[in-house]
Amino acid sequence: MRRLAISTLTLMAGLTLLGPSVQAQSDDTVAPEVVSDTPADTPSDPVGRVDVLQVSGFVDPILVEAIGEAIDRADADNSQALILQVNSDATVVDDDVVEELLVRVADAPIPIGIWVGPSGARFYGTAAQLLAVADVTGMAPGSRVGYIGVPLDPAGLPEGTSIDFGIAEERLRNGSVGLSDARSLNVFKQRVDDEGVPTISNMLQAMNGYEENGVEVVTTKLVVLDDGSTRFDTVSVVRFSKLTLLDQLFHTVASPPVAYLLLLTGLALLVFEFFTAGVGLAGGIGAISTVLAFTGLAVLPTQPWAVALIMLAMLAFAVDVQVGIPRFWTGVGIVLTIIGSWYLFEPVPGSSMRPSWLALIAGVGGIILTFIVGMPSMVRTRFATPTIGREWMIGHEGTAVGPIDPEGTVEVEGARWRARTNRATPIAAGEALRVAAIDGVTLDVEPLEGAARDYREMRNKTPDAAPVDAEPSA
């Protein structure tokens, strides 16, 4: 049961950690009707590369730092430009951090492009104001942008640059728009006359011909085929980059479902380890899961009182785990877990911070199974099996440390144990007693004198001899 509990709880977190992530798309085939400023006789000599950074998930401190590092790396490597491929449902950093990022992108020494893609991608939150300061922007069909909040006014923006979305600002503040509305409201600077920017190759074409500080970006060239048709081929080397493994770990735990499942997993494993002998694998995994969970919760808009409810739920579960039988406190723990899970995160405009139904079912359902089936079975198996060697205590005498009515503490052979009275016979403090049975980690005890007896034992008992004063039978 111990291995089953560890495997089940660890799997719940593992499945979420291994969930699908947004990958950059590359497709060198572009619709023939796309028009480029690049002449057909563009030299085929190799040109400078273009960097692409994948920005997926909530915009948190990890992603903000990664964007800054990507700008520095692209500049140091003499890249032509940097494209941010964005799919983000919310921004979970303070406005002052977003303002610093806006200034960093607006004042970058190389052209910065932002592509909201692939299809179905989102760019929500105050970080979406980057669209106003980037040099070239575009979005894939089926994507949406918005919920930018009140436009920020960061100090340090280059002269002539401001967070201005024009007529689109009212729609974007507390709502979102798709491709057709974004194009009609002039939200994007995609520089290509087509139906959006469906792939990263199209975004490279949109960057083609952009000029900054007298330097023109060259990414594609027009090729005339033998049949007279045309296409645009990518001539620039494209370098894709992601977060490092360590950054990916901390960025992943800063997502609601992962942080939530890690919290439940970690706390449950710590309770499990508390009732086992020594510190083992469960305790180590539980400690690591709990630390990672609180690392993510510190970034997300978490409600502290909901976290407190979940921790109180674990204490309630522990009360019944100690006796090895799910009772009243197990029910209290389940109710507290459900309430804490539902209200764990504060709502964010445009994004449901609440974990998905799958995560909620896995979390609450896993906890219910663990503390109703797994934990009691583990306690009974571990502490009521002959391999523990405690049957010798049955019949031994001890002393009540305090009143036992019906539960209390006793001392047997110099060790203290949780105990309850056998057949509801109360025992006063300091009174001698006898161990009648062992139930899980609890001793059933009875006083040496005056213990209640089972009427069935009295009825079935056969006397050895007739009473002395009995009358002889006729």
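Details of the structure are given in the entry above.
An account of the accompanying structure is given in this report.

Each value, and the rule that gives it
Residues numbered from 1 in each chain as written. Predicted model: local features only at pLDDT ≥ 70, side-chain atom pairs only at ≥ 80, totals over all residues. Heavy atoms only, no water. Helix = DSSP H or I, 4+ residues; strand = E, 2+ residues; numbered from the N terminus. Contact = heavy atoms within 4.5 Å. Phe/Tyr/Trp six-rings, centres within 6.5 Å; stacked < 30°, edge-to-face > 60°. Buried < 20%, exposed > 50% of the residue type's maximum accessible area, 1.4 Å probe, protein only. Core = buried A, V, L, I, M, F, W, Y, C linked by side-chain atoms within 4.5 Å. Pairing = 2+ DSSP bridges. Right-handed = clockwise from strand over helix to strand, strands pointing away. Expected span 1.5 Å × (residues − 1).

Overview of the environment of Ala 121
In this structure, Ala 121 sits in the loop between strand E3 (112-116) and strand E4 (122-124). With residues near it in sequence (within four places) discarded, Ala 121 still touches Val 86, Asn 87, Val 116, Ser 143 and Arg 144.

A word on the packing of aromatic side chains
The tally for this structure, following the rule as stated, stands at five aromatic pairs. Both rings, one in Tyr 124 and one in Tyr 147, keep their centres 5.0 Å apart while their planes meet at 75°; by these two values the pair is edge-to-face. Residue Tyr 124 is found in strand E4, and its partner Tyr 147 is found in the loop between strand E6 (144-146) and helix H4 (169-173); the two are separated by 23 residues along the sequence. Residue classification places Tyr 124 among the buried residues on the basis of a relative accessible area of 6%. Ring geometry for Trp 305 against Tyr 343: centres 5.8 Å apart, planes inclined by 35°, an arrangement best described as tilted. Of this pair, Trp 305 sits in helix H10 (residues 304-323) while Tyr 343 sits in the loop between helix H11 (328-342) and helix H12 (357-383), placing them 38 residues apart in sequence. Here Trp 305 falls in the partly exposed class, since its relative accessible area comes to 41%.

Quick notes on the nonpolar core
Counting 50 residues, the largest nonpolar core has Leu 84, Phe 123, Val 145 and Val 187 as its most contacted members. Elements that contribute at least two residues to this core include exactly strand E1 (47-56), helix H2 (61-76), strand E2 (81-87), helix H3 (95-106), E3 and helix H5 (179-184). Here this core gets seven residues from one element, more than from any other, and that element is H2.

Quick word on the pairing of E3
Summarising burial for E3: five of the five residues are buried, a large majority. Residues Ile 112, Ile 114 and Val 116 line one face of E3 and the alternating positions Gly 113 and Trp 115 line the opposite face, and both faces are buried. The pairing of E2 with E3 spans five bridges and is parallel. Its bridge partner lying in E3, Val 86 is registered against Val 116. One crossover worth recording links E2 to the parallel E3 by way of H3, and it is right-handed. As judged from the four bridges shared by E3 and strand E5 (residues 136-139), these two strands associate in the parallel manner. From the neighbouring strand, Val 116 faces E5, where its bridge partner is Met 139.

Quick look at H10
Over its 20 residues, H10 extends 30 Å from the first C-alpha to the last, a length consistent with the 28 Å expected when each residue adds 1.5 Å. Within the sequence span of H10, burial applies to Ala 306, Val 307, Leu 309, Ile 310, Ala 313, Met 314, Ala 316, Phe 317, Ala 318, Asp 320, Val 321 and Val 323.

Topic: the environment of Phe 317
When you line up the elements, Phe 317 lands in helix H10. Using a relative accessible area of 1% as the deciding quantity, one classes Phe 317 as buried. Distance in space between the C-alpha atoms of Phe 317 and Ala 268 is 9.3 Å, their sequence separation being 49 residues. Non-local contacts of Phe 317, meaning those with residues more than four positions away in its chain, are made with Trp 329, Thr 330, Gly 333, Ile 334, Thr 337, Ile 367 and Phe 371.

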